[in-house]
Amino acid sequence: MSSSSTSSTISRRSFIALAIATIGSSRLYAKALPASPTRVGAISIAGQWRIALDRDDAGIAGKWFAKNLVSGSPIQLPGILQTQGYGDEITAKTPFVAALPRDMRWYLLPQYKAYTKPGNVQVPYLSQPVRHYLGVAWYQRSIEIPPEWQGKRVTLTLERARWQTDVYINDRLIGSNRSLVVAHEFDLGMLSTGTHRLSVRIDNRMLQPAYRADGHAVSDAEGSTWNGMVGRIELSATSPVWIADAQVFPNVAGKSAQIRVEIGNLTGKDGSGSLSAGGVTQSVRWAANGGKTSFEVALPDSTPWSEFTPVLQRLRLTLTGQDADDSRELTFGMREIKTDGNQILLNGEQFHLRSTHDGGGFPLTGYPAMDVDTWKNIIGICKEWGLNGMRFHSWCPPEAAFVAADELGFYFQAECGMWNAFDAGHKMLDLLNDETARLLKAYGNHPSLLMLGASNEPAGAYHTELPVWDKKWREADPRRLYCDGTGRWSAPPAGPGTPFAADFLTPGGGARGPMGWFGGDYEEALNKLRLGVKVPCIAHETGQFCAYPDFSVIAKFSGKQASYAAFPKGVSKGSQAYMHPGNYIIMRDSAEAHGLLPRNKEFAQASGRFQVACYKEEIEANLRTPSYSGYQLLDLHDYLGQGGALIGLLDAFWEEKGYVTAAEFRQYSGATVPLVRLKKRLFTTDNTLSTTAELAHFGPQALAAVKPVWRIVDNAGKTVLSGALPVRDVPRGKNIALGSINAELSGLPAPASYRLEVELSGTSFRNQWSFWLYPVAVPTMVPASANGVLVTASWDEARAVLSAGGKVLFLSGSPEKPSPELALSRTPIFWNRLMNPKRTWMLGLWCDDHHAALKKYPTEAHCDWQWVELLTNTTAMNIEDLPHTLSPVVLPIDDWNRNLRLAMLFECAVGNGKLMVTSFDLSDKGLARQAGAASLRRSLLDHMESTAFKPATQISLEKLDAWMPLRYVAPPMMISPPATGDVADPG
């Protein structure tokens, strides 16, 4: 029986009551999902239960467990109350559990006023649940104890419930259970044959000691405040003396395994018997309170478990003897993980992790998938995209996830449900140790549980608290590596120059980002972080580059799509999806209000391609870093909370967005990746492209007689230059030199775009890098002709020529006091503006790649590195006050929370005159600084001197006169309401 735990609540805001509304008559009943398969010998108690919400927490004092709850209030279990019509309707003041963004008083902001009205409440910070409830709910039904269970010990399993459960049989409290990471199990003792009343009290409020409100096991950010029971809900019976726990510790080299067994005893007296498994039988004794023992089993035919050989071992463990007749199936993998200096070794071979983050978001159900098939779908998608692992950010998945990962060969880093500050009084550490013990007991035999993290980005006294956790669990269970803080780790407990407490570190901003792009790496940064100590490092939350949303995703939240990649059943007929895409609806409405909704697909695709380019650079820099042991992406799929972080290459349903395929992404995210150290992407025709090629190879085995080849391919796919590199054998590992590439570019047409491709001949391993070639000298002066164009940075000069019906290339230039709200950046926005209001807003560029003005400046419809070269110290023009018919040639894509109409390049007619306006620095000084600037200017001038220069939109001089002083001014966007002092921020 689990230990009891006293609960109390914490209030996020003193002015919001938890009881917002009573249960109305318009209750919506959802069809229950199928129950998880019942274990052999167990009795499922899934089905219809009685339910009562205990809003005032009066049920214990009122002895609700001692009587039948109102029979007219049914609920289907497994399931949760929010999707079955219970709980509170969402209002502007629903007390969501969240601390990021750091102020949830969104309803005070003027831009959201329309979304605070009853019937149209849309929440900007997350995809809101269909209903919300923080408090106590009672679940009750009758259970039947069969005659054959007479004299046996009966247990109750609630596979996943959150957060605290109290179980009563008839009018007796059996016990309390508090865990976010494992099944809640209760020892009911020896029950008499016949009918009993089972009551389960579930409290899903924030409990003490206080968890940070953004931990993914507790937060509304991805839907984790549900109340109910999901997965297996069942009774089972054992003999009075039983196998309480059995953990298998493989010895890969010795082809054997040690089985450590704990024996439970309900008889109150000593006894003896025997344990047997794998052809080995051992005598065992137990005391009145149980016992422990261990023994070795030989496994001469065993195969090491890994992503390439996911071979599982199975043993039947049997306990017999006095009052003992129990057995269980042990499934495990023969694998060993350890560290060696800066490396991680799996089964003696160098290990490299390619994982994604997962925050526990399941938009259709709210709760995590409890079946193996769904987890196999998710893992299969990850593997298709070249990944071999998943990091569970501040939560732990259910048993089904581990089973699927074991069978498919996939690596997990689970965490104990925390994103917390640690107190020096050990309260949080004690809770962490309790959850760790439960987690390892439940999932410790799964080979996929390769790494375990204590907390995401811990705070408080973690430097002294968490090394205690590292030491305790490494000694108790060395079958995996321990990471005390993902993204933020404890300092070496013995001081600088001594070993870290954690087995590996997970560096974030200090060893990621553009500092390692374009042929670089992060080795120097890692060495600084290590403080002179050898310890493996895995990059924390790699990427986080956003793309503009495709609003067609809104329809997926209904659950009625014909099929879903990860969730093929969607939501069954008659049921209700858990999440409502209120944040997406607000984004869509904003885009429509600014006249940008018709461009939605274009923005999503263009920003997505820029996102992909950045992810590619980030991953390849990690692969080039000699001592990095891998990366944890944030994320392969979108994140629904914290303002909506559209950082995925897939949407929140694990489905493709249409701008990158798994095959393309796998070129640089797979087990074997050709790499180059190409320091620049813009060349002139007097340059030689010179670089070195290397290989990162973490496939199943070394490669013999590899034949690397390279080629340069033009935009039509034709090879224009090529060569071969030396044939060589390739061991497993990183930085495997393939040779040098030197290509004279003088004979290639320019301006033009090209691709450098490197391939291992005869294999599927290839990679490619775009580059741009420009003429060494480009005439940028305006020739004296009847069709001459004035190039000027003076509006007065431009105005005079336009009044006379002339043509002007207006270099809008850099404002004296540029607004940071319009400054462009070289990478996309980090996360979103709601969470990071002072960071960049840009999501790349949309380019009219068919426009004649860009005919001689090679581009596709999205921002790529030739444009990034031109973005330094530039400011976008705000064209909100210009006609909506004006379609820019190059348009910066604004953050989806603001959706300003912006431009870097546009043309218009002004009376009989014609105007081209650019905010790129195409001045003489700008041309000297940027390799492609001269070609862009020449392309614009050639267009303006041609008959194709026929701007479609007419704008008056008076309108432009009024616009010019305001073109670099952004309207203020209030993101945080004025502080009132009555909001508590658990973060």
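Residues numbered from 1 in each chain as written. Predicted model: local features only at pLDDT ≥ 70, side-chain atom pairs only at ≥ 80, totals over all residues. Heavy atoms only, no water.

Once that is clear, we can look at the overall build of the protein chain. A tally of helices and strands in the protein chain yields 13 helices and 50 strands. Over its C-alpha atoms the protein chain spans a radius of gyration of 31 Å, differing by no more than 12% from the 30 Å that the globule rule assigns to 987 residues. Along the three orthogonal principal directions, the C-alpha set of the protein chain runs to about 110 × 70 × 55 Å. The contacts in the protein chain between residues at least 6 apart in sequence include a share of 74% that link residues at least 24 apart. Entry remark: accessible area of the protein chain is about 35500 Å², with carbon and sulfur atoms responsible for 52%. Side-chain charges in the protein chain split into 97 positive and 96 negative, and the spacing between the mean points of these groups amounts to 1 Å. (Helix = DSSP H or I, 4+ residues; strand = E, 2+ residues; numbered from the N terminus. Rg over C-alpha atoms; globule rule 2.2 N^0.38 Å. Contact = heavy atoms within 4.5 Å. Areas by Shrake-Rupley, 256 points an atom, 1.4 Å probe, with all protein chains shown as cover. Lys, Arg positive; Asp, Glu negative; His and termini not counted. Charge placed at Lys NZ, Arg CZ, Asp CG, Glu CD.)

We now examine the sheet that holds strand β23 (residues 353–358). Strands pair in a sheet through their backbones, by hydrogen bonds, and they do so in one of two ways: parallel or antiparallel. Strand order in this open sheet of seven strands is β29-β27-β25-β24-β23-β32-β30, and the pairing throughout is parallel. Strand pairing shows two members of the sheet lacking a second neighbour, β29 (481–483) and β30 (537–543), which therefore form its edges. Across this sheet, the average inter-strand angle for adjacent strands is 25°, counted without regard to direction. Here strand β25 (residues 411–415) pairs with strand β27 (residues 449–453) via four bridges, running parallel. Opposite Gln-413, over in β27, you have Met-451 as the bridge partner. (Pairing = 2+ DSSP bridges. Axes fitted to C-alpha atoms, helices over the stretch in contact; angles between N-to-C directions.)

Counted by the stated rule, this structure contains 46 salt bridges. Between Asp-503 and Arg-474 there is a salt bridge, with its nearest N and O atoms 2.8 Å apart. Of this pair, Asp-503 sits in the loop between β29 and α5 (523–530) while Arg-474 sits in helix α4 (residues 462–476); the two residues are 29 residues apart in sequence, bridging distant segments of the chain. When its relative accessible area of 28% is taken as the criterion, Arg-474 is described as partly exposed. Among the salt bridges present, the one from Asp-924 reaches Arg-937, with a minimum N-O distance of 3.5 Å. Taken together, the positions of Asp-924 in helix α11 (residues 924–929) and Arg-937 in helix α12 (residues 933–944) put the pair 13 residues apart, joining distant regions of the chain. Classification of Asp-924 as exposed rests on a relative accessible area of 53%. The network of salt bridges with shared partners includes Asp-57, Asp-166, Arg-201, Asp-203 and Arg-205. (Salt bridge = Lys/Arg side-chain N within 4 Å of Asp/Glu carboxyl O. Buried < 20%, exposed > 50% of the residue type's maximum accessible area, 1.4 Å probe, protein only.)

Mean pLDDT for the protein chain: 92, with 94% of residues reaching 70 or above. Below pLDDT 50 for its whole length, residues 1–34 participates in 100 contacts with residues either more than four positions away or in separate chains. Every residue in residues 980–987 scores below 50 in pLDDT, and together they form 17 contacts with partners more than four places removed in sequence or on other chains. (pLDDT = per-residue confidence, 0-100.)

What follows concerns the pairing of strand β42 (residues 766–774). With three bridges connecting them, strand β34 (residues 682–684) and β42 associate as parallel partners. Looking at β42, one finds that Thr-684 is bridged to Tyr-774. Hairpin connection of strand β41 (residues 752–760) to β42: five residues between the antiparallel strands, including Gly-762 at a positive phi of 85°.

For the rest of this paragraph, the subject is helix α2 (residues 399–408). The set of residues buried in α2 consists of Ala-400, Ala-401, Phe-402, Ala-404, Ala-405 and Asp-406. On its buried face, α2 is in contact with β18 (312–321), α1 (372–384), β25, α3 (427–443) and β27. Backbone geometry just after α2 places Gly-409 at a positive phi near 75°.

Overall, the coordinates contain 42 aromatic pairs when judged by the stated rule. When the centroid spacing of 5.8 Å and the interplanar angle of 75° are considered together, the rings of Trp-305 and Tyr-411 count as edge-to-face. Within this pair, whereas Trp-305 is found in the loop between β17 (291–298) and β18, its partner Tyr-411 is found in strand β25, the two being separated by 106 residues in sequence. Overall, the relative accessible area of 2% leaves Tyr-411 in the buried class. (Phe/Tyr/Trp six-rings, centres within 6.5 Å; stacked < 30°, edge-to-face > 60°.)

Moving on, we come to the nonpolar core. Of all hydrophobic cores here, the largest spans 174 residues; its most connected members are Trp-375, Trp-654, Trp-867 and Val-890. Top element by residues in this core is helix α7 (residues 600–624). It accounts for 10 residues. Dropping the residues within four chain positions of it, Val-890 is found in contact with Leu-845, Trp-846, Cys-847, Leu-854, Trp-867, Ala-903, Met-904, Leu-905 and Phe-920. With 30 residues, the next largest nonpolar core counts Leu-53, Ala-137, Trp-149 and Met-229 among its residues. (Core = buried A, V, L, I, M, F, W, Y, C linked by side-chain atoms within 4.5 Å.)

Here we take up the sheet that holds strand β40 (residues 733–744). The strand order across the open sheet built from three strands is β33-β35-β40, with neighbouring strands paired in antiparallel fashion. Both outer strands of the open sheet, β33 (672–676) and β40, are each paired with one neighbouring strand and no more. Direction aside, the axes of adjacent strands within the sheet are offset by 20° on average. Examined bridge by bridge, strand β35 (residues 688–697) and β40 share nine bridges and lie antiparallel to one another. Looking at β40, one finds that Thr-692 is bridged to Ser-740. Of the strands in this sheet, β33, β35 and β40 are in contact with α7, which crosses β33 at around 95°.

Moving on to helix α9 (residues 795–803). For α9, the full list of buried residues reads Trp-795, Ala-798 and Leu-802. One side of α9 holds all its buried residues, which, seen down the axis, span an arc of 60°. Against β43 (789–792), β44 (807–811), β49 (905–910), β50 (913–918) and α13 (957–963) lie the buried residues of α9. In the stretch just after α9, Gly-805 is the one whose phi turns positive, near 85°. (Arc of directions from axis to C-beta.)

What follows is about the packing of α1 against α2. Where α1 contacts α2, the two axes come as close as 8 Å, and the packing angle between them is 50°. Here α2 runs oblique to α1, going by the angle between their axes. For the pair α1 and α2, the sense of crossing is right-handed. The segment α1 lies against α2, with Val-372, Trp-375, Lys-376, Ile-379, Gly-380 and Lys-383 engaging Ala-400, Ala-401, Val-403, Ala-404, Ala-405, Glu-407 and Leu-408. Split into classes, the residues belonging to the contact of α1 with α2 amount to nine nonpolar, one polar and three charged. (Parallel < 35°, antiparallel > 145°, perpendicular 65-115°, else oblique. Left-handed = near helix turned anticlockwise from the far one by under 90°. Nonpolar A, V, L, I, M, F, W, Y, C, P; charged D, E, K, R; others polar.)

Our focus in this paragraph is the packing of α3 against α4. At a minimum axis separation of 11 Å, α3 and α4 run at an interaxial angle of 25°. In this view, α3 runs roughly parallel relative to α4, as classed from their interaxial angle. Along this stretch, α3 crosses α4, giving a crossing that reads as right-handed. Counting all contacts with α3, which are made through Leu-429, Leu-432, Asn-433, Thr-436, Ala-437 and Leu-440, the residues of α4 involved are Glu-465, Leu-466, Val-468, Trp-469, Lys-472 and Trp-473. When grouped by side-chain class, the residues that make up the contact of α3 with α4 number eight nonpolar, two polar and two charged.

Attention shifts here to the side chain of Ser-935. Among the secondary structure elements, Ser-935 is positioned in helix α12. According to the relative accessible area criterion, Ser-935 is buried, its value standing at 3%. Not counting residues up to four positions away in its chain, the partners in contact with Ser-935 are Pro-751, Tyr-774, Pro-775, Val-778, Lys-856 and Tyr-857.

Next up on the list: the environment of Trp-841. With respect to the helices and strands, the residue Trp-841 is situated in the loop between β44 and β45 (845–847). Along the chain, Trp-841 and Phe-830 lie 11 residues apart, while their C-alpha atoms are 8.1 Å from each other. A distance of 2.8 Å separates a polar side-chain atom of Trp-841 from the backbone oxygen of Glu-821. (Polar contact = N/O pair within 3.5 Å; in protein donor to acceptor, adjacent residues only side chain to side chain.)

On to the pairing of β27. The element β27 is largely enclosed, with a buried count of five among its five residues. In this structure, β27 lies alongside β29, joined through three bridges in parallel fashion. The partner of Met-451 across the bridge, within β29, is Leu-481.

Of note, Glu-234 is situated in strand β12 (residues 228–238). The residues contacting Glu-234, other than those within four sequence positions of it, are Pro-37, Thr-38, Arg-39, Ala-42, Ile-43, Ser-44, Ile-45, Thr-155, Leu-156 and Thr-157.

Turning to unusual backbone geometry, a few remarks are in order. The peptide bond linking Gln-208 to Pro-209 adopts the cis configuration, its omega dihedral lying at -5°. Locating Pro-209 in the fold gives a position in the loop between β11 (194–203) and β12. For the bond running from Leu-634 to Asp-635, omega is 20°, close enough to zero to count as cis. Relative to the helices and strands, Asp-635 resides in the loop between β32 (628–634) and α8 (662–669).

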